[in-house]
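# Survey of secondary and tertiary structure
Each chain, written out:
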Amino acid sequence: MSSRPRILLVDDKAATRTAVARMLKSKYEIYESDDGSAALARIKGGERFDLILMDVEMPIVNGPEAYRRIAIMEPELAERIVFLTGGARDPDIQEWLGRLEPGRLLWKPVGAAELREALERIEGKIGRISRGPSSNKIRADAPKGSVGKIKAASSGKIQKAEPSKRTR
């Protein structure tokens, strides 16, 4: 078993998955899914991931809905999701994006340095990620973030928020 962190890369566009995987393959083990429902099936099936990179707008199950379901199934994993977007057209998704904590949203096309920095920031928040020698279960050496905050953000009525600004 590799000691590199496992990333689930979820995007409906194969070209995006290929480009992102190329940027990260030297440091991470990359596993791909082409939509949120496929990603959820992998998680429900017992696959373990250290981080998730998830597109926001996808057919079948979009990023915000996949996040909501992951927050219920695996709250600690939901804290380790970084979202990718080329720009959301749906007003509800735009509002949802505006509520994300800083560093959890990257704009496509994303650069390698920006991508690695975002992932390292998430890793730093949860401590060094490792697996026990006989288990595929993830163990973080630092305390987890607020699970209640995730559940609150994933349920109920969306509150109006200023849309996040794209900066370059």
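Provided above is the structure to which this section pertains.
Rules used throughout
Going along each chain's sequence as written, the residues are numbered from 1 onward. The predicted origin of the model limits local features to residues at a pLDDT of at least 70 and limits the giving and counting of side-chain atom pairs to 80 or more, whereas totals for whole chains, interfaces and linings rest on all residues. By convention in this description, side-chain values take in all heavy atoms of the structure and omit both hydrogens and water. Any pair of Phe, Tyr and Trp rings, taking the six-membered ring for Trp, is counted once the centres come within 6.5 Å. Such a pair is stacked with planes under 30 degrees apart, edge-to-face with planes over 60 apart, and tilted for the rest. Segments assigned H or I by DSSP are reported as helices when at least four residues long, segments assigned E as strands when at least two residues long, and all are numbered from the N terminus. Three labels apply to residues, based on accessible area from a 1.4 Å probe with only protein chains included: buried if under 20% of the type maximum, exposed if over 50%, partly exposed otherwise in between. For every element, the axis is a line fit to its C-alpha atoms; helices are fit only across the contacting stretch, and the angle between N-to-C directions ranges from 0 to 180 degrees. Any angle that falls under 35 degrees is termed roughly parallel, while one over 145 is termed roughly antiparallel, one within 65 to 115 roughly perpendicular, and all others oblique. In what follows, a contact means two residues having at least one pair of non-hydrogen atoms within 4.5 Å. Here, the arc refers to the directions that run from the helix axis to the C-beta atoms. To form a nonpolar core, buried Ala, Val, Leu, Ile, Met, Phe, Trp, Tyr and Cys residues must be joined to one another through side-chain atoms within 4.5 Å. In this description, strands pair whenever DSSP reports at least two bridges between them.

### Focus on the packing of aromatic side chains
Scanning all chains against the criterion turns up four aromatic pairs. With a centroid separation of 5.7 Å and an interplanar angle of 70 degrees, the aromatic rings of Y67 and F83 are classed as edge-to-face. Highlighted residues: Y67 in helix 3 (residues 63–73) and F83 in strand 4 (residues 81–85), separated in sequence by 16 residues. Taking the relative accessible area as the measure of exposure, Y67 reaches 6% and is therefore buried. Residue class for F83 comes out buried when judged on its relative accessible area of 0%. With a centroid separation of 5.6 Å and an interplanar angle of 65 degrees, the aromatic rings of Y67 and W96 are classed as edge-to-face. Of this pair, Y67 sits in helix 3 while W96 sits in helix 5 (residues 91–98), and the two are 29 residues apart along the sequence.

### Considering the packing of helix 2 (residues 36–44) against helix 3
For any two helices packed against each other, one specifies the crossing angle of their axes together with the interaxial distance. Interaxial distance between helix 2 and helix 3 falls to 10 Å at its minimum, and their mutual angle equals 10 degrees. One element, helix 2, and the other, helix 3, form an angle in the roughly parallel class. Seen from helix 2, the contacting residues are G36, L40, I43 and K44; seen from helix 3, they are A66, R69, I70 and M73.

### Structural notes on helix 1 (residues 14–24)
Listed in full, the buried residues belonging to helix 1 are T16, R17, V20, A21 and L24. Along the axis of helix 1, the buried positions cluster into a sector of 125 degrees, meaning they face one direction only. Set apart from the buried face of helix 1 by more than 90 degrees, the exposed residues are A15 and R22. Buried residues in helix 1 make contact with strand 1 (6–10), strand 2 (29–33), strand 3 (51–55) and helix 6 (112–126).

### Concerning the nonpolar core
Taken as a class, soluble globular proteins show a tendency for nonpolar side chains to be buried jointly. Counting residues in hydrophobic clusters, the biggest one holds 26 residues, and the most contacted among them are I52, M54, I70, F83 and L97. Elements that contribute at least two residues to this core include exactly strand 1, helix 2, strand 3, helix 3, helix 4 (75–78), strand 4, helix 5 and strand 5 (105–107). If sequence neighbours within four positions are ignored, M54 has contacts with V10, G63, A66, I70, I81, V82, F83 and L84. In terms of nonpolar packing, the next biggest core, distinct from the first, is built from 16 residues, L24, L84, V110 and A118 among them.

### Structural notes on the sheet that holds strand 5
A sheet is described by the order of its strands in space; here five strands give the open sequence 2-1-3-4-5, paired in parallel fashion. Because the sheet does not close on itself, it has two edges, and the strands there are strand 2 and strand 5. Put simply, the sheet's adjacent strands are angled 20 degrees from each other on average, direction ignored. In the sheet, strand 4 pairs with strand 5 via three bridges, with the strands oriented parallel. Its bridge partner lying in strand 5, F83 is registered against L105. Across the sheet, helix 3 is in contact with strand 3 and strand 4; its angle to strand 3 comes to roughly 150 degrees.

### Re the environment of E120
Of note, E120 is situated in helix 6. Here E120 falls in the partly exposed class, since its relative accessible area comes to 40%. Ignoring anything within four residues of it in the chain, the contact list for E120 reads K27 and Y28.

### Details of unusual backbone geometry
Across the junction of K108 and P109, the peptide omega takes the value -5 degrees, indicating a cis bond. Assignment of secondary structure puts P109 in the loop between strand 5 and helix 6. Positive phi, normally seen in glycine, also occurs at I60, with a value near 70 degrees. Along the chain, I60 turns up in the loop between strand 3 and helix 3.

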